[in-house]
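# Secondary and tertiary structure notes
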Amino acid sequence: MQALVGLIMGSKSDWETMGQAAETLNALSVPYESRVVSAHRTPDLLFEYASGAAGRGLEVIIAGAGGAAHLPGMAAAKTHLPVLGVPVESKALHGLDSLLSIVQMPAGIPVATLAIGKAGAINAALMAAAILGNKYPHIAEALKKFREEQTKRVLEKPDPRS
């Protein structure tokens, strides 16, 4: 099936975090493509990727980046698609630098910013599924089932000692 989500990251090392988004998209049967696209090392590639994303059939972009974390904002500047930013945990400031770089976008170029690290990557995939679920009933149903199973797992073991 045609990819609906573009899963991009600033470097190969970001896959440790962004792989969590990929696993979640796989679990929900949401088709995606994944690429390393650096805002700093390959800016022309980034512009080409983001400006051509809608024309390739993508409907949401999940962009993960660490440190200066310009990837989500620059992608958002080159496309009208929703961009979900995932701050990747950095060594220097434990991802706080990434978070602030992504969340502080100027008015007019929105990036939906998720939590730092694994939780953010998983939630970005769930958010992408929620966006796509408005158009694709099978994705909405997969997300609903995911949420129901999550609730069921908690209710089945309410005692944390077991």
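Residues numbered from 1 in each chain as written. Predicted model: local features only at pLDDT ≥ 70, side-chain atom pairs only at ≥ 80, totals over all residues. Heavy atoms only, no water.

### As for the side chain of Thr-24
What counts is decided by this rule: The helix count covers DSSP runs of H or I at least four residues long, the strand count covers runs of E at least two residues long, and both are numbered beginning at the N terminus. Polar contacts, as counted here, are pairs of nitrogen or oxygen atoms within 3.5 Å of one another; within protein the pair requires one atom able to donate a hydrogen and one able to accept it, and residues that are adjacent in sequence qualify only if both atoms are side-chain atoms. Any pair of residues with heavy atoms lying within 4.5 Å of one another is described as a contacting pair.
With respect to the element layout, Thr-24 can be found in helix H1 (residues 15–27). Within the local environment of Thr-24, its side chain forms a polar contact with the backbone oxygen of Gln-20, the two atoms lying 2.9 Å apart. Non-local contacts of Thr-24, meaning those with residues more than four positions away in its chain, are made with Ile-122, Ala-125 and Leu-126.

### Regarding the pairing of strand E3 (residues 60–66)
To keep it simple, the criterion reads: A 1.4 Å probe rolled over the protein chains alone gives each residue an accessible area, and that area as a share of the maximum for its type sets the label: buried under 20%, exposed over 50%, partly exposed in between. Two strands are counted as paired when DSSP detects at least two bridges linking them. Think of it like this: strands point away, you trace from the first strand over the helix to the second, and a clockwise trace means the crossover is right-handed.
Counting buried residues along E3, six of its seven residues qualify, which places the element largely inside the surrounding structure. Here strand E1 (residues 5–9) pairs with E3 via five bridges, running parallel. Paired with Leu-7 across the two strands is Ile-62, which belongs to E3. Direction of pairing for E3 relative to strand E4 (residues 83–88): parallel, over a ladder of six bridges. When the bridges of E4 are listed, Ala-65 appears paired with Pro-87. In this region the chain leaves E3, passes through helix H3 (residues 71–77) and returns to the parallel neighbour E4; the handedness of that crossover is right-handed.

### Things to note about the packing of aromatic side chains
Rules: Aromatic pairs are defined between Phe, Tyr and Trp rings, using the six-membered ring for Trp, whenever the two ring centres lie within 6.5 Å; interplanar angles under 30 degrees are classed as stacked, those over 60 as edge-to-face, and all others as tilted. Should the NZ of a Lys or the CZ of an Arg lie within 6 Å of a ring centre and within 35 degrees of the ring normal, that charge is described as sitting over the ring.
What the rule picks out here adds up to zero aromatic pairs. The lysine or arginine in question, Arg-56, covers the ring of Tyr-49, its NZ or CZ lying 4.5 Å from the ring centre. Across from the ring centre of Phe-47, 4.8 Å away, lies the NZ or CZ of Lys-78, which sits over that ring.

### Here we look at the nonpolar core
To keep things clear, this is the line we draw: As used in this record, nonpolar core signifies buried Ala, Val, Leu, Ile, Met, Phe, Trp, Tyr and Cys residues forming a set joined through side-chain atoms within 4.5 Å.
With 25 residues, the main nonpolar core has Val-5, Leu-7, Val-30, Ile-62, Leu-84, Leu-132 and Ile-139 as its most contacted residues. Here the element with the most residues in this core is helix H5 (residues 118–133); it accounts for seven residues. With sequence-adjacent residues up to four places away left out, Leu-7 is seen in contact with Trp-15, Met-18, Ala-21, Ala-22, Tyr-32, Glu-33, Ser-34, Arg-35, Tyr-49 and Ile-62.

### Let's talk about the environment of Thr-151
Tracing the sequence through the fold places Thr-151 in helix H6 (residues 137–156). When the C-alpha atoms of Thr-151 and Ala-39 are compared, they prove to be 38 Å apart, with 112 residues separating the residues in sequence.

### Observations regarding the packing of H5 against H6
The cut-off we apply is this: For helices, the fitted line uses only the C-alpha atoms of the stretch in contact; every axis is such a line through C-alpha atoms, and the angle between N-to-C directions lies from 0 to 180 degrees. Working rule for angles: under 35 degrees goes down as roughly parallel, over 145 as roughly antiparallel, 65 to 115 as roughly perpendicular, anything else as oblique. If you view the pair so one helix is near and one far, a crossing is left-handed when the near helix is turned anticlockwise from the far one by less than a right angle, and right-handed when it is turned clockwise. The nonpolar class holds Ala, Val, Leu, Ile, Met, Phe, Trp, Tyr, Cys and Pro. Asp, Glu, Lys and Arg form the charged class, and all remaining residues, Gly among them, are polar.
Contact pair H5 / H6: the axes reach a minimum separation of 7 Å and the direction vectors enclose 135°. Considering their axes alone, H5 and H6 lie oblique with respect to each other. The handedness of the crossing between H5 and H6 comes out as left-handed. Within the contact between the two elements, H5 uses Leu-126, Ala-129, Ala-130, Leu-132 and Gly-133 and H6 uses Pro-137, Ile-139, Ala-140, Leu-143 and Phe-146. In terms of residue class, the contact of H5 with H6 is built from nine nonpolar, one polar and no charged.

### Overview of the sheet that holds E1
Taken in spatial order, the five strands line up as E2-E1-E3-E4-E5 in an open sheet, and their pairing is parallel. Strands at the two margins of the open sheet, each flanked by one partner only, are strand E2 (32–36) and strand E5 (112–113). As defined by bridge partners, E1 adjoins E2 across five bridges and the pair is classed as parallel. Note on E2: the bridge partner recorded for Met-9 is Val-36. Packed onto the sheet, helix H4 (residues 96–103) meets E3, E4 and E5 and runs at close to 160° relative to E4. Against the sheet, H5 touches E1, E3 and E4, its axis set at about 175° to E4.

Purely spatial values, then, with no claim about function.
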